Amino acid sequence: MKIELFHQPATRLCAQIDDEKCVLGVKPVWAAPLSRPKRYLALLDPKGEDIALLFEPERELSSASWQAVQSEIRRRDLTSRIARLQSVREDNGAAYFSVETDRGARDFVATSLSTNAIWFGENRLLLIDTEGNRFEIEDVAALEPRSRALLEGIL
Amino acid sequence: MLAAPPQTHSSSSQSNGHLDGHANEILIRLDADILPDGDFGHRVLEVTRAEIRVFDGDKLSTRIPISDLKSARNEPLVSGGRLEVILQSGALIPVVAYSMSVAAQFSEAARGVEQLIEGKPFSINQKTEKTRCEKCKRILPEKDGICPACINRTAALLRVGSYLEPYKAQAAWLAFLSIVTTVINLAPPTIQGALIDRVLEPRRDIGLLWQLIALWFFALAGAVVLQVVSARLTTWLAGQIATDLRAGVYRAVEFLELQFFDKKQVGQITSRITQDTDRVWGFLAEGLPFLLSNLLLVIGVLFLLFQVSWKLALAVMAPIPVVVFVGIYFWDHQSTLFQRVSSRWGRFHTHLNEALTGIRVVKAFAQEDYENQKFTRFNSQLKEAGIVADNYWHTIFGAMSFCTSLGALICWSVGGYFVFTGELTLGSFWRANAYLGLIYGPMQWFAQVNNWFSRAMAGAEKIFEVMDAKPEPYNRSGQKPEISGHVRFQNVRFGYDKSNPVLKNLDFEAKPGDFIGLVGKSGAGKSTTINLICRFYEPDAGALLVDGLDYREMDLQHWRRNIGIVLQEPFLFNGTIADNIAYGKPDASFEEIVAAARAAEAHAFILGKSDGYDSIVGERGGKLSGGERQRISIARAILHDPKILILDEATASVDVETEKQIQQAMKRLVEGRTTFAIAHRLATLRNATRLIVLDKGEIVESGTHAELMDKNGEFAKLVRTQSEINEIIGVTQ
């Protein structure tokens, strides 16, 4: 199956399938975004029905389609990637984080870190704050030493 | 975050949908926190009756006339959402994206826009939950909750202290004993000093030696006795206060409105009664006595040290700030390390529990090695956390010990010099040295007491938050009339969220002895109708009349005593079968219990159990089958003898054979009572006096089973759908 993805209009992702069918309002969704990042991309129609599952989308899609998908994913997935931890403080079971992310600086508070700090593998970490916002550290080992120390102090 | 609207309007505004000259009145003004490129930032959404506007800073970036819109919706995104509108042309326009922090407000905004599009009265909930502390602006761990950093610890302590009121005499004795114990503890160094100066150095008056030794002995013995008495008294007092606190918070929880339970998880509420009271108890039993007795001791020692020699006192006190600083500075990190050990213990325990509970699955899939790998990982993480915490602890302890020893070294250096030059007697030097030994130990722990105190007061504050929450309107002085069972819903409107009514203008009546079947799809309002009858919630508009009296004028418990409920999943308490049957009538005789069980078709299976009516049903009735539990709950309802009976899917989760027996029991149960029944299997409502068919909170049909089938309306459609499903199930089976 050959799939081309593009925005038409600028706010709506469209999928041209085998030059036959065109689906408007396609939602690209990672099937396992944390354990298998950048692999297994599902394309859903506006009703949420499965159109296709791409095992290695970057390789399977044309460069233009891959770019269109990436920009749509950034619009649909507001998870922030933490680049640096400014401060972390624990007070009465609540952890107060001040972080720099790929979307800008943010303060958040997380409780019950045993359930709201989820490790995927050795170094990938997902933090979920009290309001349900998601913050991801793609590689804890790659953080600069101070951020790593702050994180190790709390987790 | 909801920005303050520039124009004043009520939190839940309501008006007619006409453009009545206020087209530019801002109905909704919200701050969004995601920029068009996906970065965090600030945008403002404004909605008037005429248009939707989005501002990026001061710049108007989007303007869409309401008249151009077909619909509005919230598109859920990962970690946030997006307000989208669909134009009359069918084009979809993303208006503004937002994070989860403001998702609830934008969800309401979409509903408000929909109302404007459809020309309906504008009525949305614009009440915002407090997410930041008003005082320190820090994010709150729980919305509308308390800020741990800004707790008024003195006020909380005073309120905890008010629980001492019934035990004033014991508390006064405790304070007195603490002072006497401190004074006695200060005596041995003074005696030792006198021994050296007046007996040992001059080598005379051996009689005085024995007198001082005797005095020392009595001081030691007296201190021990007083310490034991004080400790026992403290334990007793702390136990009393904790018991009173637990009882107070439990009693408060029992009478809370159901909305409180809707908002909070059961775990959060139980932790108020267990963990938080335990924190307060821990501080009262150990922290407070430690603080009081050692504070008195430090004051006493400093006073006596200055009496001996102010120069020596100043010299030996030099390391004290260092000790306190080390305690405060390093304890924070130590506490985090201990918490990490505790959290890893939790994970280790969870894994162990899971692996052993699921041992059959592990074995069946031959995954012993895989589970062992996981176990080894958790075990190793636990070991590492433990080693780090203990190593850090030993380092701090070493630093503390060094400071303490330094104090002794200074005492010997300065004191030794003073003795050598004759400025100080040997006895006085010895006294100073002994006093020093008394206070350096407690000094190390003072920093922790602050931490201890903060946690205890945070716990107390959480307890008081529950105690101060709004209770149900029990109206204990309300009327307690004899109830015949005439129930009338009079134009009742109700919504869990006041801007989104679940029941709209509900109007029907049930005469005494009527059997009313409530029918409708999921979300039609059947369970809400039942909730209103039980007065778990009260109507927002209209009234529910019982024998002509608005039931809000009645004593709530009196009303509920007249209601019996049989649920789909009956809840039994861990106890005997007899106890459970008699739950609604604890003074029932055994003969009455047996009669109720007989009527509920439960007597035979009860007698089939080894302990008969004394059989323990287990937690939530887990030792009984679903059908057995249901019959016990019917027996419980029969013995309770209510005027109003509620059957909520009472036969939905049992097999056909059991259902027959339960139906038999039900027949007896409903006799002479006004019954409201919800049943998924519509055939079970065939004998109802009347069926009320609900759709989206409104009555769409009403009549007997036969009448409604003849009418061939909504009810007949539901029956046909069910028959088709039953046929499909029959074919697949």
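Residues numbered from 1 in each chain as written. Chains lettered and ligands numbered in written order. Predicted model: local features only at pLDDT ≥ 70, side-chain atom pairs only at ≥ 80, totals over all residues. Heavy atoms only, no water.

## Digging into the nonpolar core
Of all hydrophobic cores here, the largest spans 45 residues; its most connected members are Ile581, Ile606, Tyr613, Ile634 and Leu647 of chain B. Per-element accounting of this core gives the leading share, six residues, to helix H18 (residues 626-640) of chain B. (Core = buried A, V, L, I, M, F, W, Y, C linked by side-chain atoms within 4.5 Å. Buried < 20%, exposed > 50% of the residue type's maximum accessible area, 1.4 Å probe, protein only. Helix = DSSP H or I, 4+ residues; strand = E, 2+ residues; numbered from the N terminus.)

## Points about the packing of aromatic side chains
According to the stated counting rule, one finds 18 aromatic pairs over all chains in the structure shown. An angle of 80 degrees between the planes, with centres 4.8 Å apart, marks the rings of Trp412 of chain B and Phe429 of chain B as edge-to-face. Here Trp412 of chain B is found in helix H11 (residues 368-421), whereas its partner Phe429 of chain B is found in helix H12 (residues 426-467), with 17 residues between them in sequence. Of the residues examined, Trp412 of chain B reaches a relative accessible area of 48% and is grouped as partly exposed. According to the relative accessible area criterion, Phe429 of chain B is buried, its value standing at 3%. Aromatic side chains Tyr417 of chain B and Phe418 of chain B sit 6.2 Å apart centroid to centroid with 55 degrees between the ring planes, which places their arrangement in the tilted category. One aromatic cluster in this structure is built from Phe97, Phe108 and Phe135 of chain A. Against the face of Phe464 of chain B rests Arg159 of chain B, its NZ or CZ located 4.0 Å from the ring centre. Between Arg377 of chain B and the ring centre of Phe378 of chain B, over which it is positioned, the NZ or CZ distance is 5.5 Å. (Phe/Tyr/Trp six-rings, centres within 6.5 Å; stacked < 30°, edge-to-face > 60°. Lys NZ or Arg CZ within 6 Å of the ring centre and 35° of its normal.)

## Let's talk about the interface of chain B and chain A
Of the residues lining the interface, 39 residues belong to chain B; the matching set on chain A comes to 38 residues. Surface buried jointly by chain B and chain A totals about 3,100 Å² across both partners, of which 48% is contributed by carbon and sulfur atoms. Sorting the residues of chain B by area buried against chain A places Phe40, Val78 and Ile139 of chain B first, and these three jointly supply 20% of that buried surface. Our enumeration of links across chain B and chain A arrives at four salt bridges. Where chain B touches chain A, the interface holds 14 residue pairs in polar contact (both at pLDDT 80 or more). Counting residues per element, the side of chain B that touches chain A draws most heavily on helix H9 (residues 320-357) of chain B, at five residues. Looking at side-chain class alone, the side of chain B that touches chain A contains 15 nonpolar, 10 polar and 14 charged residues. (Contact = heavy atoms within 4.5 Å. Buried area = accessible area lost by both parts, 1.4 Å probe. Salt bridge = Lys/Arg side-chain N within 4 Å of Asp/Glu carboxyl O. Polar contact = N/O pair within 3.5 Å; in protein donor to acceptor, adjacent residues only side chain to side chain. Nonpolar A, V, L, I, M, F, W, Y, C, P; charged D, E, K, R; others polar.)

## Focus: the domain arrangement of chain A
When the parts of a complex come together, some accessible area is lost, and that lost area is often taken as the interface size. Residues and elements named next belong to chain A. The domain boundaries assigned to chain A delineate domain 1 (3-76) and domain 2 (80-154). For domain 1 and domain 2, the distance between their C-alpha centroids amounts to 29 Å. Taken over both partners, the interface formed by domain 1 and domain 2 buries close to 550 Å², and the fraction arising from carbon and sulfur atoms is 52%. Per-residue buried area on domain 1 facing domain 2 is highest for Leu34, Pro37 and Arg74; these three make up 86% of the total on that side. For the interface between domain 1 and domain 2, the tally reads one salt bridge. The salt bridge partner of Arg74 is Asp102, with a shortest N-O separation of 3.9 Å. At the junction of domain 1 and domain 2, the tally comes to one residue pair in polar contact (both at pLDDT 80 or more). A per-class count over the side of domain 1 that touches domain 2 returns three nonpolar, one polar and one charged. (Domains from an automatic or database assignment.)

## Topic: the sheet that holds strand S12 (residues 549-550) of chain B
All names here are of chain B. Spatially, the four strands line up as an open sheet ordered S9-S8-S11-S12, and their pairing is antiparallel. Here the strands that pair on one side only, and so sit at the sheet edges, are strand S9 (503-510) and S12. Pairing of strand S11 (residues 541-546) with S12 involves two bridges; the strand directions are antiparallel. From the neighbouring strand, Val546 faces S12, where its bridge partner is Leu549. Sheet strands touched by helix H13 (residues 526-533): strand S8 (487-494), S9 and S11. Its angle to S8, the strand with the most contacts, is close to 115 degrees. (Pairing = 2+ DSSP bridges. Axes fitted to C-alpha atoms, helices over the stretch in contact; angles between N-to-C directions.)

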